[in-house]
Amino acid sequence: MDGKKLEYKGEDALKEIEKLTTTARDVQYGILKEILKRNAETEYLNKYMNGSIDVSQFKRCVPVITYKNIYPYIQRIANGEDSSLITGQPITEILCSSGTSAGEPKLTPSIAEDLDRRTFLYNLIMPIMNQYIPGLDDGKAMYLYFVKAELSTPCGLPFRTVLTSYYKSKHFKCRTRDPFNDFTSPDQAILCNDSNQSMYCQLLAGLVHRHQVMRLGAVFASALLRAISFLERKWAQLCKDIRTGHLDLSIIDPACRSAMMSILSSPNPYLADEIESICSRPSWKGILCHLWPRAKYIEAVVTGSMAQYIPPLEYYSAGKLPLVCTMYASSECYFGVNLKPICDPAEVAFTLLPNMGYFEFLPLGENGALAMDIDEEEAVPNGRLVDLVNVKVGSYYELVVTTFSGLYRYRIGDVLQVTGFHNQAPQFRFICRRNVVLSVDNDKTNEEDLHRSITTAKKLLEPYNALLVEYTSYADTSSVPGHYVLFWEIQMVDSATSIDAKLLQECCVTVEEELDYVYRQCRSQEKTIGPLEIRVVEPGTFEALMDLFISQGGSINQYKTPRCIKSSTALKLLNSHALASFSSPRDPKWIPLNG
């Protein structure tokens, strides 16, 4: 990627988006041609292409693959073999996914210019936002960013998350300072490997600058909610630091401590009194608006499984701050941006930018009927894939990418629905991850179905001033018939009210009645699935679950609560925190299809 593109700002950035999307077909062809030119002599491509750089031969001969197909090559490079196994440029690091969906982190190769592409996408965000919310340069952003201590592969390559890679790179640390990337958090706090010290210092810095904060955010909504929970426990100590001008002794990271002492600089009892008065209120409804009164929006991923966090974020902001999703990205590739960020979270659509990689799509269904009829490991005929500019509005697809760093026709696993086009570039709604499913018999419940059913059921809690703050699931097949188990963490807004067993049993039934035809047939007619069970867990359980995954190598920055538990250790933790169990008292309704 041409380095000068990193400097696109304001109108230039918007013009570049228009240029790229208007010529999407040509840009995509050029990207694939360049990838083939650079990587034609690699062991992987040469096996199928015999040194050719012909696009039609690529589409005809190179297979569609999943992670298990490319993993052996990545593992060989991690062990010291040459990058030329899969790419013509040196692999500079191995990126790891969060690992919570598939059970363990996936390894993704990365080359130096990948950072250029990520930075290019980041630099588009504020020009887009400025079209909708003016005055963002008149203050600071309180964004909570975190890194994870990195490891090394056997041959010495850095092994880390994609966000840790970015925050530790010169692209972030040596970024041009301007009013739009003026963060409350000092870089030293963001780069602190200890997540508790980092969280404490970033919240402290955000409180010190509370009257300058124009926008709040984290990468994922879950991280922002974790920060609010942390603030609930630590606000008194944070106020003490502000009041005295002395940093708590628990902050022992030298760089972090030095940076924070510069921010505290002198005692500020007036500011401490302000914050103490707000945090001492019996209800934290709207707390974000009270603590940061100039904030205009919250930026975080709230699509897909993150949609679960919309109600609590709306509670803590009293519904006054728009929830903004700005971009769509993964460890394997950064994909695109949301050109209409101030929209309802349910309407978020991402415009894929054709210069980020070569994109193809595996059709999954049309006319709103999601038909995930291709198993994740089933061989896919090459001719079934559709190019970026040829997808159809309303249809569902699985995203397939080819990158400069050595992934060829690689199934990302994300299910997307086309919502429209911006010039030649399609816009997609993120639906779910394909590989997050519950299954006991012939049933197959995907992440979207699970979320939809729980969203309906949790409405039964609202009249009792109760919030479902988090959930996960697993298929219990230890007995016959097996059954679905949901772990629910419920927060009582009003301690004077309570919920009884009958209500939770009715929630079980409601979830089941919202699940698909096959599930209800297995439950009601064939009796191959037992009654759905809800296990209510004690407050803080899902924070403990997050800590567990982080201790096993996950990143606080990338963490997403797994919607289907596959880890026996995680399951043991959840069960150890269970307070009560409730099961469906009756079968869900099921009517045989005609014919």
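If you're wondering where the values come from, they're calculated on a predicted model, not measured in any experiment. (Residues numbered from 1 in each chain as written. Predicted model: local features only at pLDDT ≥ 70, side-chain atom pairs only at ≥ 80, totals over all residues. Heavy atoms only, no water.)

Q: Can you break down the packing of aromatic side chains residue by residue, with the values?
A: This model, assessed by the stated rule, comprises 24 aromatic pairs. Taking 5.1 Å as the distance between ring centres and 25 degrees as the angle between the ring planes, the aromatic pair formed by tyrosine 145 and tyrosine 167 counts as stacked. One end of the pair, tyrosine 145, is in the loop between β3 (140-144) and β4 (151-152); the other, tyrosine 167, is in helix α7 (residues 162-167), and 22 residues separate them in sequence. Each member of the pair, tyrosine 145 together with tyrosine 167, is buried. Arranged with centres 5.7 Å apart and planes meeting at 50 degrees, the rings of tyrosine 517 and tryptophan 590 form a pair that is tilted. Of this pair, tyrosine 517 sits in helix α18 (residues 517-524) while tryptophan 590 sits in the segment after β22 (578-583), and the two are 73 residues apart along the sequence. Clustering of aromatic rings is evident, with ring pairs tying together Tyr122, Tyr143, Tyr145, Tyr166, Tyr167, Phe172, Phe183 and Tyr334. Its end group placed over the ring of tyrosine 334, arginine 118 keeps NZ or CZ at 5.9 Å from the ring centre. The positively charged end of arginine 563 is found above the aromatic ring belonging to tyrosine 471, 4.3 Å away from the centroid. (Phe/Tyr/Trp six-rings, centres within 6.5 Å; stacked < 30°, edge-to-face > 60°. Helix = DSSP H or I, 4+ residues; strand = E, 2+ residues; numbered from the N terminus. Buried < 20%, exposed > 50% of the residue type's maximum accessible area, 1.4 Å probe, protein only. Lys NZ or Arg CZ within 6 Å of the ring centre and 35° of its normal.)

Q: Now, about the sheet that holds strand β1 (residues 91-96): what can you tell me, with residues and values included?
A: With respect to topology, four strands assemble into an open sheet ordered β2-β1-β5-β4, the strand pairing being mixed. Edge positions in the open sheet fall to β2 (107-111) and β4, since each of these has one partner strand only. Across two bridges, the pairing between β1 and strand β5 (residues 158-160) is parallel. Within β5, the residue paired with isoleucine 94 across the bridge is phenylalanine 159. Against the sheet, helix α5 (residues 67-78) contacts β1 and β2, and its axis sits at roughly 60 degrees relative to β2. Its contacts with the sheet put helix α6 (residues 114-130) on β1 and β2, and the angle it makes with β2 is roughly 90 degrees. (Pairing = 2+ DSSP bridges. Contact = heavy atoms within 4.5 Å. Axes fitted to C-alpha atoms, helices over the stretch in contact; angles between N-to-C directions.)

Q: Give a description of the nonpolar core that names residues and reports values.
A: Ranked by internal contacts, the top residues of the largest apolar core, which has 160 residues, are Ile70, Trp292, Phe359, Phe361, Leu399 and Leu545. Per element, the largest residue contribution to this core is 12 residues, and it comes from helix α11 (residues 221-244). The contact partners of leucine 399, leaving out residues within four places of it in the chain, are Tyr328, Phe335, Leu352, Phe359, Glu360, Phe361, Tyr410, Arg411, Ile412, Gly413, Asp414 and Leu416. Within the second largest apolar cluster, 26 residues are counted, among which are Ile454, Leu515, Cys522 and Val536. (Core = buried A, V, L, I, M, F, W, Y, C linked by side-chain atoms within 4.5 Å.)

Q: Let's hear about the domain arrangement of the protein: which residues, and what values?
A: Domain boundaries in the protein define domain 1 (10-112 + 328-433), domain 2 (134-295) and domain 3 (436-583). A C-alpha centroid distance of 32 Å is found between domain 2 and domain 3. The three residues of domain 2 that bury the most area against domain 3 are Lys148, Phe220 and Arg226, which together make up 47% of that side's buried surface. For the pair domain 2 and domain 3, the number of links is three salt bridges. A salt bridge links arginine 226 to aspartate 547; the nearest nitrogen and oxygen atoms lie 2.5 Å apart. Where domain 2 packs against domain 3, one counts five residue pairs in polar contact (both at pLDDT 80 or more). Those elements that provide at least two residues to the side of domain 2 that touches domain 3 are α7, α10 (195-208), β6 (213-220) and α11. Among the elements that make up the side of domain 2 that touches domain 3, the one with the highest residue count is α11 (five residues). (Domains from an automatic or database assignment. Buried area = accessible area lost by both parts, 1.4 Å probe. Salt bridge = Lys/Arg side-chain N within 4 Å of Asp/Glu carboxyl O. Polar contact = N/O pair within 3.5 Å; in protein donor to acceptor, adjacent residues only side chain to side chain.)

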